[in-house]
Amino acid sequence: MGFRPLHDRVLVRRTEAEEKTAGGIIIPDTAKEKPQEGLVVSAGTGARNEAGTVHPLEVKAGDKILFGKWSGTEVKVDGEDLIIMKESDILGIVG
């Protein structure tokens, strides 16, 4: 992939939304909500503090994460829909 996020930003691939409800009802594309879970594709080196030292990110490529509903900016990289967000937009890492 020809994209590398800078500083405290991460590149995330959204996980696929469920096609059916628990009761077996198929959800049409127009009614699906975008999932708030994804996989970190790549991460920047970290943010600099006021002293100029780099504070490394806590997430790394391959981490499964949860993020806010309106977090990040959707972009298309190599024909794939991805999200760029700051590490502070990430709510947590899923086990």
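Placed above this text is the structure.
Residues numbered from 1 in each chain as written. Predicted model: local features only at pLDDT ≥ 70, side-chain atom pairs only at ≥ 80, totals over all residues. Heavy atoms only, no water.

1. Comments concerning the overall build of the protein chain
Thinking step 1. Counting secondary structure elements, the protein chain contains zero helices and eight strands.
Thinking step 2. For the protein chain, the sequential pattern of α-helices and β-strands runs β-β-β-β-β-β-β-β.
Thinking step 3. Contacts spanning at least 24 positions in sequence make up 61% of the contacts within the protein chain whose residues lie at least 6 apart.
Thinking step 4. Summing over all exposed atoms, the protein chain offers an accessible surface of approximately 6,600 Å²; the carbon and sulfur share of this is 53%. (Helix = DSSP H or I, 4+ residues; strand = E, 2+ residues; numbered from the N terminus. Contact = heavy atoms within 4.5 Å. Areas by Shrake-Rupley, 256 points an atom, 1.4 Å probe, with all protein chains shown as cover.)

2. Some words on the sheet that holds strand S6 (residues 73–77)
Thinking step 1. Strand order in the open sheet formed by six strands is S6-S7-S1-S2-S5-S8, with antiparallel pairing between adjacent strands. Bordering the open sheet on either side are S6 and strand S8 (90–93), each of which pairs with just one other strand. Strand-to-strand twist in this sheet, taken as the mean axis angle between neighbours without regard to direction, amounts to 45°.
Thinking step 2. Here three bridges tie strand S2 (residues 37–43) to strand S5 (residues 64–67), and the two strands are oriented antiparallel to one another. Looking at the pairing, Gly-38 lines up with Ile-65 of S5. (Pairing = 2+ DSSP bridges. Axes fitted to C-alpha atoms, helices over the stretch in contact; angles between N-to-C directions.)

3. Details of a nonpolar patch on the surface
Thinking step 1. Together, Leu-66, Leu-91 and Val-94 line one region of the surface with nonpolar side chains, adding up to about 260 Å² of accessible area.
Thinking step 2. As for its placement among the helices and strands, Val-94 is situated in the segment after S8. (Patch = residues over 30% accessible without salt bridge, like charges linked within 9 Å, V, L, I, M, F, W, Y side chains within 5 Å. Salt bridge = Lys/Arg side-chain N within 4 Å of Asp/Glu carboxyl O.)

4. What to know about the pattern of salt bridges
Thinking step 1. Enumeration according to the criterion identifies six salt bridges in this entry.
Thinking step 2. The salt bridge partner of Asp-8 is Arg-9, with a shortest N-O separation of 4.0 Å.
Thinking step 3. The exposure class assigned to Asp-8 is buried, which follows from its relative accessible area of 16%.
Thinking step 4. Notably, a salt bridge pairs Arg-13 with Glu-80, separated by 2.4 Å at the nearest N-O pair. Here Glu-80 lies in strand S7 (residues 80–86) and Arg-13 lies in strand S1 (residues 9–14), a separation of 67 residues in the sequence.
Thinking step 5. Arg-13 gets classed as partly exposed once you look at its relative accessible area, which sits at 31%.
Thinking step 6. With a relative accessible area of 27%, Glu-80 lands in the partly exposed category. (Buried < 20%, exposed > 50% of the residue type's maximum accessible area, 1.4 Å probe, protein only.)

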